[in-house]
Amino acid sequence: MNRRLRTALWSVLAIVIALVWVFPVYWMVSSSFISTATLQSFIPTFFPVNPTFSNFAGAVADGSFYSALGMSVGITLTVVFFCLIFAFLAAVAISRFRFRGRKSFVIAVLVVQMLPAEGLFIAQYKMVSSVGLLNSVIGVSVIYIAAVVPFTIWMLRGFVAGVPADLEEAAMMDGLSRFGAFMRITFPLLAPGLVASGVYAFLQAWNEFTVALVLLPAEASQTLPLWLRGFVQASATRETDWGQVMAASTLVAVPVIIFFLIVQGRLTSGLVAGAVKG
Amino acid sequence: MSTIAARRRTRSRTPLLLIVPAIVILLLGMGYPVIWQVMTSFQEYGLAQQFGKPPTFVGLANYITLATNPELWLVVARSLAFCFITAFITLAVGTLLALLMARVTRTPRLILQISMLLAWSMPVVAAMTVWIWLFDRRRGVVNYLLDMIPGVDMNRFDWLSTPFTFFALASAIVVWMSVPFVSFSVYAGLTQVSEEVLEAAQLDGASGFNRFRYIIFPLVRPVIAIVLLLQLIWDLRVFTQIKLLQDAGSKSGDYDLLGTYIYKLGTSAQDFGTASAVSLLVLAITIAISWFYIRSLLKEDEAA
């Protein structure tokens with residue numbers, strides 16, 4: 001077999017695998033545009049020939065989508081904001097200073113990162129309910145920030161260490177205060193790291209299911225993943241309306257997908273650097 | 001650099017102040033729950049305690065109950081099997097796809113990468129919903145396509161009705177979601193492997209497998225080791241996927257892994273004492289698996 005032909009065959013294989021991999025995503029979006037009557041047929045429709053928006057209208061009809069959207073946005077903004085501040089301060093401490101207790105702190109951060117929420121949710125439920133914060137933005141956010149902060153500290157640590165301290169020193173020689181040097185010199189260089197960490201925190205908070213399921217039992221305080229699950233269950237009590245269910249899934253997924261595609265270069269390099277190279 | 005470091009070592013207040021917020025939030029969100037869980041695992045903490053009766057210290061009673069409960073060991077064994085099988089399939093598929101990415105020209109590679117990114121970015125609940133629709137008993141496209149193969153009767157086959165097909169499906173979904181991370185990481189590692197060395201080996205007559213075994217693999221081994229560990233940890237704690245498949249199929253105990261088992265102990269049985277003891281078992285297994293990873297990161301921190 002000559003080299004050309006072999007390369008072509010590998011390319012075909014790559015494209016076939018790409019199509020298989022993306023198929024569930026395609027199927028979600030495609031089904032969401034197909035009318036309920038067409039989906040009732042036992043022969044699947046592979047392309048929405050007569051696209052309809054009625055599924056989307058049906059999915060948001062009772063208004064619970066908007067309240068879940070509000071809840072998700074509230075929690076996500078809280079988590080991203082505090083997580084970035086806390087992680088940034090801690091990252092500066094461990095990459096710019098040598099101090100007593102530094103090593104214990106680094107070990108604690110690494111160990112905590114491994115603790116699964118799936119093994120802690122009972123205690124977290126008990127704690128949050130005992131202070132009356134079930135169904136509130138604050139209760140869930142505290143747990144989310146604690147879950148996300150360790151990885152974020154680790155990721156930012158690499159970025160802070162990448163900015164040479166000499167630069168800061170030079171600026172201080174030129175008359176800037178330590179704080180001023182930091183804000184003018186180091187901070188702008190950290191922007192990519194902050195973006196990557198912020199996106200990581202955003203995705204975690206936006207998509208999280210387990211903790212939300214336990215800490216937000218009231219229907220009025222559901223986040224989008226909980227809303228979607230409730231929507232599927234409500235639909236299943238009748239004959240599941242797959243068109244509407246897929247429209248609901250699309251509504252939850254598309255913002256994330258778009259966001260993810262925009263920042264992916266930065267995110268994957270940041271994640272890979274954070275997870276693989278430290 | 002050394003003078004700066006020396007000066008900073010003496011000013012010890014600042015770094016401590018900087019880590020205070022992170023420590024406080026970690027103690028609140030993780031530290032307190034872990035301690036509470038350890039204490040509760042030694043207490044009788046059931047329905048009566050939910051309604052205000054003070055919990056009583058029972059020593060190792062919860063652990064003894066668990067150790068003698070064959071149901072728990074079945075769940076542990078099932079979880080470990082699920083975790084190892086899924087993690088290894090994910091790693092194998094992810095590595096093969098990374099090799100494929102390295103093999104093809106730019107356009108097919110980009111197509112493959114975008115498709116992986118799309119799968120990676122799907123929120124887990126949305127992904128589960130789609131997969132349940134794909135495998136729907138009556139109108140699912142998978143049964144429809146399989147049924148078209150001559151001699152195969154998949155008409156109205158219910159994937160969620162036997163534990164084996166249930167977990168096979170769960171595993172396939174987890175693999176689908178996790179492979180992109182593995183592929184991108186291993187691909188990043190592969191780009192470090194020098195073209196010249198590979199070509200020289202090829203000229204010397206090394207087969208494709210041997211080139212992978214002796215040249216590529218040793219170079220990407222650190223990446224693969226870490227990705228495998230992360231995958232093992234994530235697959236051990238898998239909860240959302242199993243929970244949502246149970247929503248669509250059966251909630252019986254035969255379909256439980258550790259995550260859903262703890263959830264049921266805590267919510268339906270309201271037995272926080274036993275649930276805490278199982279949770280600690282999960283934590284212990286996780287830390288045992290991840291200890292190597294943490295050690296390697298620590299080494300790197302010291303080198304930095």
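What counts, and where the lines are drawn
- Residues numbered from 1 in each chain as written.
- Chains lettered and ligands numbered in written order.
- Predicted model: local features only at pLDDT ≥ 70, side-chain atom pairs only at ≥ 80, totals over all residues.
- Contact = placed C-beta atoms within 7 Å.
- Helix = DSSP H or I, 4+ residues; strand = E, 2+ residues; numbered from the N terminus.
- Nonpolar A, V, L, I, M, F, W, Y, C, P; charged D, E, K, R; others polar.
- Domains from an automatic or database assignment.
- Buried ≥ 20, exposed ≤ 12 C-beta atoms within 10 Å, placed from the backbone.

Novice: Run through the interface of chain B and chain A, naming residues and quoting values.
Specialist: Contacts between chain B and chain A engage 83 residues on the former and 80 residues on the latter. Here the side of chain B that touches chain A takes 17 residues from helix α2 (residues 13–40) of chain B, the largest share from any one element. Broken down by class, the residue content of the side of chain B that touches chain A amounts to 57 nonpolar, 16 polar and 10 charged.

Novice: Can you explain the domain arrangement of chain A? Please cite residues and give values.
Specialist: Residues and elements named next belong to chain A. Once the domains are mapped, chain A shows domain 1 (3–56) and domain 2 (60–277). One C-alpha centre belongs to domain 1, the other to domain 2, and the line joining them spans 32 Å. Listed by partner, the interface residues are 10 residues for domain 1 and 10 residues for domain 2. Contributing elements (two or more residues each) for the side of domain 1 that touches domain 2: α1 (3–32), α2 (36–39) and α3 (54–59). Element by element, the count of residues in the side of domain 1 that touches domain 2 is highest for α1, at four residues.

Novice: Talk me through the environment of N155 of chain B; I want residue IDs and the actual numbers.
Specialist: All names here are of chain B. The topology assignment puts N155 in the loop between α8 (141–148) and α9 (163–190). Taking the C-alpha atoms as reference, N155 lies 7.1 Å from Y144; in sequence the two are 11 residues apart. In contact with N155, other than residues within four places in its own chain, are N143 and D147.

Novice: I'd love a proper account of the domain arrangement of chain B, names of residues and values included.
Specialist: When the domains of chain B are assigned, the result is domain 1 (1–30) and domain 2 (75–303). Taken over C-alpha atoms, the centre of domain 1 of chain B sits 37 Å from the centre of domain 2 of chain B.

Novice: Could you give an account of unusual backbone geometry, naming the residues involved and the relevant values?
Specialist: In the Ramachandran plot, N135 of chain A falls in the positive-phi region, its phi being about 65° despite a non-glycine side chain. Within the secondary structure layout, N135 of chain A lies in the loop between α6 (121–130) and α7 (137–162). If you check the backbone angles, Q270 of chain B has positive phi at about 55° while not being a glycine. One can find Q270 of chain B in the loop between α13 (258–267) and α14 (272–303). On the neighbour-count criterion, Q270 of chain B (15 C-beta atoms within 10 Å) is partly exposed.

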